[in-house]
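# Observations on chain architecture
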Amino acid sequence: MKKTLYLKFILAYFIFGVFSFIIVTTFVPSMTRELLVRDKAEHLYVEASRISDTYATGLYASETDLETVKEQLDSLAVYLDSTIRIINPSGRLVLDTDRPLNVEDEVTIENFDPTATSGSYYMVNDFFGNFDQEMISVFSPITYRYMVKGYVVIHCSMAEIQVSCNSMLNISYITLVILLLLSLIILIFFTEMVYIPLRKITYATEQYAAGNMHYEFQVESDDEIGYLAACLNYMASQIAGAEDDQKKFVANVSHDFRSPLTSIRGYLEAMIDGTIPPEMHDKYLNIVLSETERLTKLTNSLLSLNNLNTRGMLLDRTNFDINSVLRATAVSFEGTCRRKTIVIEMVLTGDELYVYADVEKIQQVLYNLLDNAIKFSHHDSVIKVETSVKNNKLFVSVKDSGIGIPKEDLKMIWNRFYKSDLSRGKDKKGTGLGLSIVKEIINCHGENINVISTEGAGSEFIFSLPLSEDEED
């Protein structure tokens, strides 16, 4: 944008002014003149028709004499500020309000042709060279006994019409100037409401591009530009937060990889240098194996999260029975539950309940939720798994009566590598990625997962899935 947008807008304003002036000076004068001429011609034609139907017809019907008609037309000519003539088809002037009556002095208009109006009832010219200026000449035929005996012609000077035309053009020019001045309001409005905020936004983007994500700016506007500025500010704050999260993420990954690697290296070095006697190698090799399993689990979890970031691209949705998946997942924890004397209580809707989702991903969700529930439950406790259907949605609940989650940690449990202070003592081998994977999978399905937890009383995780079309019917 730089400084060119404002200059373009000003240039567009001046181009608008120039073209407006050209259009007004080019088309308006001719249109105004034509309108005034037509209005004047219509008015004169009405008068000419009346004269031809009354005085002129009476003259040719010998109902009145020429002098009487001349007196009447002289008065009317003064009223109309025009010249009234009666002309024979041959062009001989019978009566002229600008000339005294003189029967002996015969005047003939050369080249007189009443058809020269080309189908109209008026013409604008010097009337066959009879005047030294432009005149409006209106024709009305005089008919007597179905024959054209002559024509009533009324002439009016174009000078008067031109004066009226110039007055109207002056009004048009003044109106144009006023409109151009008023349109400056648009330029001022653009400057204050568009250009200045855009300059602020542009400068802010330059700061963000330079890496200054903590730069803040304010645009006082409730329209789209204000919304854009707010979104830009929010984006910068999110990016700044993401940078901090990235640093924490790298630190957490480094810590979670370094701890088991340090243990593995320490045990192996101790076995090599003899610190650990050969008869105890089996014990510490099992510990090394356990640490390698922990690294494998951590690596697989990171790969799962990386794949799930594509949001839905990797889902293989099918219709499957969620009840059978729940039962199979619960059975896989039979040994762990027996050691802690934990009972998994299943309260399922119907014998079979089909949903439309990725069966492997949902099985992973159930496994992670049950694994967490067992891990943080007390001995001799009950974990309740329940399904319910509402508004064509399946809701799955996994509820335990374990240590619970502190209120201040509820919003953070979905973050990668996050572990609450209460869980650190119990979750020695956890990666802190289980719930992150759960949330990503549910989000990939376009569904939601929520948690209800009370510290010391237990937690309940509830997520939704779409029912298959057969179940909806």
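One can find the structure itself at the top, above this paragraph.
An account of the accompanying structure is given in this report. No experiment lies behind these values; they were computed from the predicted model shown. (Residues numbered from 1 in each chain as written. Predicted model: local features only at pLDDT ≥ 70, side-chain atom pairs only at ≥ 80, totals over all residues. Heavy atoms only, no water.)

Scanning the protein for helices and strands turns up twelve helices and twelve strands. For the protein, the proportion of its 473 residues judged to be buried stands at 39%. In the protein, the proportion of contacts linking residues at least 24 apart, taken out of those at least 6 apart, comes to 67%. With an accessible surface of roughly 27,800 Å², the protein has 55% of that area assigned to carbon and sulfur atoms. (Helix = DSSP H or I, 4+ residues; strand = E, 2+ residues; numbered from the N terminus. Buried < 20%, exposed > 50% of the residue type's maximum accessible area, 1.4 Å probe, protein only. Contact = heavy atoms within 4.5 Å. Areas by Shrake-Rupley, 256 points an atom, 1.4 Å probe, with all protein chains shown as cover.)

What follows concerns the nonpolar core. Core analysis: the largest hydrophobic core is formed by 38 residues, its most contacted members being Ile322, Ile362, Leu366, Leu369, Phe461 and Phe463. Elements with a contribution of two residues or more to this core: helix H7 (322–331), strand E8 (354–358), helix H9 (359–375), strand E9 (382–390), strand E10 (393–399), helix H11 (434–444), strand E11 (449–454) and strand E12 (458–466). Looking at this core, the element that brings in the most residues is H9, giving seven residues. Among all residues touching isoleucine 322, those that are not within four sequence positions of it are Leu353, Val355, Ile362, Leu366, Leu394 and Leu465. Core analysis: the second largest hydrophobic core is formed by 28 residues, Ala77, Ile84, Val152 and Ile154 among them. (Core = buried A, V, L, I, M, F, W, Y, C linked by side-chain atoms within 4.5 Å.)

Another point: the packing of aromatic side chains. Taken as a whole, this structure holds 15 aromatic pairs when the rule is applied. Ring plane angle 75° and centroid distance 5.6 Å describe the contact between tyrosine 203 and tyrosine 215, whose orientation is recorded as edge-to-face. Here tyrosine 203, found in helix H4 (residues 184–209), pairs with tyrosine 215, found in the loop between H4 and helix H5 (224–272); they are twelve residues apart in sequence, far enough to count as distant. The partly exposed category is assigned to tyrosine 203, whose relative accessible area is 42%. Taken together, the ring pairs connect Phe112, Phe127, Phe128, Phe139 and Tyr151 into an aromatic cluster. (Phe/Tyr/Trp six-rings, centres within 6.5 Å; stacked < 30°, edge-to-face > 60°.)

Turning our attention to the sheet that holds E9. The five strands lie next to each other as E7-E9-E10-E12-E11, forming an open sheet whose pairing is mixed. With partners counted over all chains shown, the strands left at the sheet margins are strand E7 (343–347) and E11, one partner each. Taken over all neighbouring pairs, the strand axes of this sheet differ in orientation by 15° on average, direction set aside. Sheet topology places E10 next to E12; seven bridges connect them, and they run antiparallel. When the bridges of E12 are listed, leucine 394 appears paired with leucine 465. On the sheet, H9 packs against E7, E9, E10 and E12 and is oriented at approximately 170° with respect to E12. (Pairing = 2+ DSSP bridges. Axes fitted to C-alpha atoms, helices over the stretch in contact; angles between N-to-C directions.)

These results come straight from atomic positions and should not be treated as a statement about function.
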